[in-house]
Amino acid sequence: MMSPLLTPCLAALTAASLCLPLAAAAGASRDNAPAPARAAPASAAASSPAAKKAEGFPSAMTAKDLRIQSQPLAGGGRQLSLPFSQIGQIYHPRPIGRGFFRERLSFDLRTDELVKRATLRLLMMPSAAMAGRSDLMVVRLNSETVARIVVPPAPVPAQFEQIIDIDPRLLTDSNELTVQFAEPPSCDRERPFPRAEINGHSTLTLDLQPLPLANDLSVLPAPFFDRRDAIKTAVTLVTSDRPEGTTLQAAGHLASWFGALAGHRGARVKSRADLPAGHAIVLATPQDRPEGVTLPPITGATVMLADHPTRPGSKVLYLMGRDGAELRRAVDALTRGQLPAQGSTAIINALPELAARQPYDAPRWTPTNRPVRFDELVKTNTLGFSGTRPDWMYMATSVPMRLPPDLFAWRERIAPVDVRLTHTPRLPDAAGDRHEDAHLELRLNHREPLWANNLIAGQPRRWYEWVRQKIDGNEKVVREHHAAIRLAVESLGTRSYQSIDIRVRHGDFDEIAECLREAQAENSQGGSADPIWSLPSTIIDGSSTVDLSGAPHFMAMPDLAAFANAAFPFTRMADLSETAVVLPDVPMREEIDAMLGVASHMGQSSGLAGRALEVLRVREIDRVADHELVVIGSAGSQPLFTEWSRAMPFRDLPVAGSRDLPTLPESSRWMEWLHSLWRKPKYPPLPQQTFRSVRAPAVIAGFESPLRESRSVVALIGETPADLTLLTDALTEADQLSLIHGHLVSVKDDTSKGVTAFPADATYTTGDLPWLTSVRWHLSDKPMLLWLVLLGAVLALSLITFVLLQRHAIRRRAGSPV
C-alpha cells in the first residue's frame, strides 16, 4: 500500500510536469507581442528615387517630387509648385482612353493671395494614333478650355513635354484642372481609339502675390493660417528676451492651437524679440513686453489685428493683458473662436467655463469607449463603388482610424467590426453573355486580411427582394449583405494610424458600357438610361461600425514611437491638463522654440489646443510632480539632466554650469546575471549610454519620472541650445519621425540617415488591466517568478492533499465511517 506521505508528493510532481509547458508558453507570450510602432502616417510615405529615361523625363516618383514646394520671389510673393503626384495622387503614369477619357485634379488656393502667373508643365506618353494631332486632347480649368495638346508628328516620342500658360484670372479659391479628350470617345468597339498616359511629374507652377486683408477679427486665423494652404504652416511669435512664465504658457497654448489647425501639414512655430518682415503675433503685458515694439493701449485682455508698422501687406496680431491672467484669457478667446464677428479690436472681460475633458477624447482620435460608425470616420460619398475598372485600376477606399497607442494588444482581445453593404448587379438585359462577378475584400492597413466575399456567387434571390422589386416597379435587384468580423486587437500593435481598407472589383472591365456612361454624362442628355449603360454598384452602409471598447488601456513604457506618432502619453488628456514642459531657469531662445515645437506637435496629434498646458522653469518643478513631463535644455543648462541621471540612459552629461561629470556606481556582474535569471529580456541590455558615445549633437530620451511612479518624462537634449532644432524638425518630417522609437533616439542631422534609435526592455507601465490579465502579463517575462508561483501552488496543493489524506487515515483507524 502507498504511504500517505508519498501520495501528495507524487501529485505534486505530476502537477509540476503539467506546468512545464504552461511556463514555457507564458514566458514566450510577450516575445510574440507586436513590436513598437515605427511607422509614420500613411500619408507621409514616399517612394524611392528612380532613374530618368533617355528623353530626360523621370519614370517613377522620388521623395523630392512628392512634395509641394513654395519658394519666395525676388519682387515679393512666392512661387508655388503643385506636382500631379500630390494634387492627383498620380504616383505612376495614369492611362486615359475609352472608358476613362479624362483625369481630374483638384487643388485649393489661399484667400489672401492673388495668382499673377500660372504655367502648366505637362508630361505625357501618347499612343501612335495621336501623332501630329492637336484636336484630340485639351486642358480645362474650372470647365474652361485653356489649351489644346499638340502631339509631335511621327515617330511619336515615348514621352513629350508641353508648356502651357494659363490665364490666372480663371483661378479661384477651389479649382479643378482636367486633362481630357476634346470629344467623348467613340463607343464603337470596332473603331480604334487613341490612348495616352499622364506622368505624375507634371507640375502646375503659380506665382502668387499677397492680397491686402482688412483689419477685421473675423478673418482670423488668416493670414497666419489658411486651411486651403497645402504647405507647412509657419508662425512667428514676438515676446520679450526673457519672457515670464505666463507668457511662455500663453505661447505654448497658441503653438498647440496652430498645430491642431495645421493637422497633417504640420506647423513650425518660432519666436523672436522683434517684429519680422512678415506676419507676426505679439504676446505682451506691461511688465513683459518686447523691446522696440510699440504696443497699443492695454485696457484689459486685448485681441487686436493691425497693419505691420514697416511692411505694407503684412499683419500683426496683438494679444495683450494687464497681467499674465488677462494675457492668457486673450489667447483663450482666440483659440476658442469667441471673438466679435467684426472690428479690429476686442476686449475680453470674461469667458464661459468649459466642461472638463475626459481621457482619450481627443477630436482627432477614434473613440474607444463605444462603437464608431464608418460615416464618422470617412465621407459617405467615398463608400460607394460603381462600374468596372481595368486590371491596372481597382476601386478602393480606406476607413482611417487614429487610435491611442496604449490599446492593450495582447493575446485574445477581439474588436467586432460590423459591415453592412448593398450590391446592385447590372440589369439582366445589360449583362448579356458577360460573366457577372462582384468581389469585395477588407484588409487592415493594406496587409492583414479581414474578410473577403463574392457578392454574386451563392447568393439566391431573397423573397423580400422580389416583393420590393415588384412594389417599386424597378428592374434592378438590390441585395443586402452583412458581415460580422472579429478583428484581433493584437494585429493593431501600438501604431497610432490604422485603416480598414475596402477593395471592390466588379468583374472584367466593360469598356463599352463605361464609354457610353461617360458619353451620356459629357453630353448631359438626361432622360432614362439605356439598359446597356447599366453597371454594377456596391455601397458600404455608413452605419457599419467598429467597436474597440473592449480593449483596456495599458502600455509598457517608455516608447518614443508613441510620442512621435501621437504625442502619447501627454495627449491622453487632449487639453494637456496633465502635461508640463520644464525649461531651464533662464531659457535661451532656441529652448523656447523647442517648447513651441513640442506644443505644436501635441496639438497636431490631438486636434485640440492645449489650453491647460503648464510651461515652467526648473525651480517650479515640485508643483507639477504628478504631471507627465517634457524636459528641454542643453547638456550644460538643464540641471534636471544631472539630478535625474540615475533614471536616464546617460552616464556623462556635464553638470550644469561646469565641465564635471556625474559618477554612477557600476553594477556588478553577479547582479546582472541574477537579474537575467529573474526577468527574461526581449532586447539585449542597453547600458547607460554616454552623451558623447551616441555621436550626435541632439537626443530624445524617454524614462519614468523620478517624481511620481508610472508618470513619463521625455527629455529633449542638445549639446548646445541651437542643436534642439534638429529634434523639433525631426518631429515634423515624416521620413525622420518614422524612425523614432525605443528608449533613446539620437539625431545627427536633418536627414533620415541621421536618426538612430536605441530600443530596450520596458522599465515601467502606464494604464490599468483586469487583475487576472495583469498577473498573467507581469509573469509572462519573469520565468523565475513564474516558477516560484507554480511551485508555491504545487506545495499548497500537496499540503491540502496531505491534510485530507491524514484525516482520512485517522478516521479509518478509529473505525468511523469514511
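Residues numbered from 1 in each chain as written. Predicted model: local features only at pLDDT ≥ 70, side-chain atom pairs only at ≥ 80, totals over all residues. Heavy atoms only, no water.

A. Region of interest: the overall build of the protein. Across its full length, the protein carries 16 helices and 36 strands. Looking at the protein as a whole, 49% of its 818 residues qualify as buried. Long-range pairs, those at least 24 residues apart, make up 75% of the contacts in the protein between residues at least 6 apart in sequence. Total accessible area on the protein stands at roughly 38,400 Å², and carbon and sulfur atoms take up 54% of it. (Helix = DSSP H or I, 4+ residues; strand = E, 2+ residues; numbered from the N terminus. Buried < 20%, exposed > 50% of the residue type's maximum accessible area, 1.4 Å probe, protein only. Contact = heavy atoms within 4.5 Å. Areas by Shrake-Rupley, 256 points an atom, 1.4 Å probe, with all protein chains shown as cover.)

B. Spotlight on unusual backbone geometry. With an omega dihedral of 10 degrees, the bond running from Leu220 to Pro221 counts as a cis peptide bond. On the secondary structure map, Pro221 appears in the loop between β11 (203-210) and β12 (233-238). Ala222 connects to Pro223 through a cis peptide bond whose omega is 5 degrees. As for its position among the elements, Pro223 is in the loop between β11 and β12. For Asn142, which is not glycine, the phi dihedral falls at a positive 50 degrees. In this structure, Asn142 sits in the loop between β6 (137-141) and β7 (144-148).

C. Here's a closer look at the environment of Met588. Relative to the assigned elements, Met588 resides in the loop between β29 (579-583) and α10 (589-606). Taking relative accessible area as the criterion, Met588 reaches 37% and is therefore assigned partly exposed. Separated by 46 residues in sequence, Met588 and Ser634 place their C-alpha atoms 9.6 Å apart.

D. Quick look at the sheet that holds strand β31 (residues 628-634). Ordered by their spatial adjacency, seven strands build an open sheet running β30-β29-β31-β33-β32-β34-β35, and the pairing between neighbours is mixed. Edge positions in the open sheet fall to β30 (614-617) and β35 (755-758), since each of these has one partner strand only. Recorded for the sheet is a direction-independent mean angle of 15 degrees between the axes of neighbouring strands. Direction of pairing for strand β32 (residues 698-704) relative to strand β34 (residues 744-747): antiparallel, over a ladder of four bridges. Each bridged residue has a counterpart across the sheet, and for Val699 the counterpart in β34 is Ser746. (Pairing = 2+ DSSP bridges. Axes fitted to C-alpha atoms, helices over the stretch in contact; angles between N-to-C directions.)

E. Layout of helix α4 (residues 324-335). Spanning 12 residues, α4 covers 17 Å between terminal C-alpha atoms, matching the ideal 16 Å at 1.5 Å per step. Counting buried positions over the 12 residues of α4 gives nine, a clear majority of the element. Buried within α4 we find Gly324, Glu326, Leu327, Ala330, Val331, Asp332, Ala333, Leu334 and Thr335. Turning to α4, the residues buried within the fold contact α3 (245-262), β14 (280-284), β15 (301-307), β16 (315-320) and β17 (345-348). Put simply, Asp323 is the residue that caps the front of α4, since its side-chain oxygen is 3.2 Å from the backbone nitrogen of Ala325. (Expected span 1.5 Å × (residues − 1). Polar contact = N/O pair within 3.5 Å; in protein donor to acceptor, adjacent residues only side chain to side chain.)

F. Layout of the sheet that holds β12. Here six strands make up an open sheet; going across it, the order is β13-β12-β14-β16-β15-β17 and the pairing mixed. In the strand order of this sheet, the two ends are held by β13 (267-272) and β17, each with one partner. Each neighbouring strand pair of the sheet contributes to a mean axis angle of 20 degrees, computed without reference to strand direction. Taken strand by strand, α4 contacts β14, β15, β16 and β17, and its axis lies near 130 degrees from that of β16. Strands in contact with α10 are β12 and β13; relative to β13, the strand with the most contacts, it is inclined by about 150 degrees.

G. Quick peek at the packing of aromatic side chains. In total, this model carries four aromatic pairs according to the counting rule given. With a centroid separation of 5.6 Å and 80 degrees between ring planes, the pair formed by Phe408 and Phe554 is classed as edge-to-face. Residue Phe408 is found in the loop between β20 (395-402) and β21 (414-424), and its partner Phe554 is found in strand β28 (residues 554-557); the two are separated by 146 residues along the sequence. Residue Phe408 shares its accessibility class with Phe554, and that shared class is buried. (Phe/Tyr/Trp six-rings, centres within 6.5 Å; stacked < 30°, edge-to-face > 60°.)

H. How the structure looks around the packing of α3 against α4. Between α3 and α4, whose axes approach to 9 Å, the crossing angle comes to 5 degrees. Between α3 and α4, the crossing angle belongs to the class labelled roughly parallel. Only Gly324, Leu327, Arg328, Val331, Asp332, Leu334 and Thr335 of α4 make contact with α3, whose side of the interface consists of Thr246, Thr247, Gln249, Ala250, His253, Leu254 and Trp257. Partitioning the contact of α3 with α4 into residue classes produces six nonpolar, six polar and two charged. (Parallel < 35°, antiparallel > 145°, perpendicular 65-115°, else oblique. Nonpolar A, V, L, I, M, F, W, Y, C, P; charged D, E, K, R; others polar.)

I. Highlighting the confidence of the model for the protein. Across the protein, the average pLDDT comes to 80, with 75% of residues at 70 or higher. This model gives residues 429-433 a pLDDT under 50, and the stretch forms six contacts once residues within four places in sequence are excluded. Residue range residues 654-665 is modelled with pLDDT below 50. Its contacts to residues more than four positions away, or to other chains, number 28 contacts. (pLDDT = per-residue confidence, 0-100.)

J. The pattern of salt bridges, seen in detail. This model, assessed by the stated rule, comprises 28 salt bridges. Residue Glu161 is joined to Arg121 by a salt bridge in which the shortest nitrogen-to-oxygen separation is 2.8 Å. One end of the pair, Glu161, is in strand β8 (residues 160-166); the other, Arg121, is in strand β5 (residues 113-126), with 40 residues separating them in the sequence. The residue Arg623 makes a salt bridge to Glu614 at a minimum N-O spacing of 3.2 Å. (Salt bridge = Lys/Arg side-chain N within 4 Å of Asp/Glu carboxyl O.)

K. Representation of the side chain of Arg589 in the model. Tracing the sequence through the fold places Arg589 in helix α10. At 3.0 Å, the side chain of Arg589 and the side chain of Ser271 are in polar contact. Those residues within four positions of Arg589 in sequence are excluded, and the remaining contacts are Thr239, Ser240, Asp241, Ser271, Arg272 and Ala273.

L. Structural view of a nonpolar patch on the surface. A grouping of Trp771, Leu772 and Val775 is seen on the molecular surface, where their side chains present a nonpolar patch of about 350 Å² in accessible area. Looking at where Leu772 falls in the secondary structure, it is placed in helix α15 (residues 771-779). Look at Leu772 and you get partly exposed, because its relative accessible area is 47%. (Patch = residues over 30% accessible without salt bridge, like charges linked within 9 Å, V, L, I, M, F, W, Y side chains within 5 Å.)

M. The packing of α3 against α10, seen in detail. Axis separation between α3 and α10 bottoms out at 6 Å; the angle between their running directions is 40 degrees. By the angle between their directions, the pair α3 and α10 is classed as oblique. Like other packed secondary-structure pairs, α3 and α10 cross with a definite hand, here right-handed. Taking contact as the criterion, the partners of Leu248, Ala251, Gly252, Ala255, Ser256, Gly259 and Ala260 in α3 are, on α10, Ile592, Met595, Leu596, Ala599, Ser600, Gly603 and Gln604. (Left-handed = near helix turned anticlockwise from the far one by under 90°.)

N. How the structure looks around the side chain of Thr178. On the secondary structure map, Thr178 appears in strand β9 (residues 174-181). The class of Thr178 is buried, set by a relative accessible area of 6%. Setting aside residues up to four positions removed in sequence, Thr178 forms contacts with Arg102, Glu103, Arg104, Val138, Val139 and Arg140.

O. Highlighting α3. Compared with the 26 Å implied by 1.5 Å per residue over 18 residues, the 26 Å span of α3 between its first and last C-alpha is a close match. Across the 18 residues that make up α3, a large majority, 15, are buried. Within two residues after α3, Gly263 carries a phi angle of roughly 60 degrees, on the positive side.

P. Looking closely at the nonpolar core. Leu254, Leu319 and Ile632 are the most contacted members of the largest nonpolar core, which has 65 residues in total. With sequence-adjacent residues up to four places away left out, Leu254 is seen in contact with Leu237, Ile281, Leu283, Leu319, Val331, Leu334 and Thr335. Counting residues in hydrophobic clusters, the runner-up holds 38 residues, among them Leu82, Met130, Val151 and Ile231. (Core = buried A, V, L, I, M, F, W, Y, C linked by side-chain atoms within 4.5 Å.)

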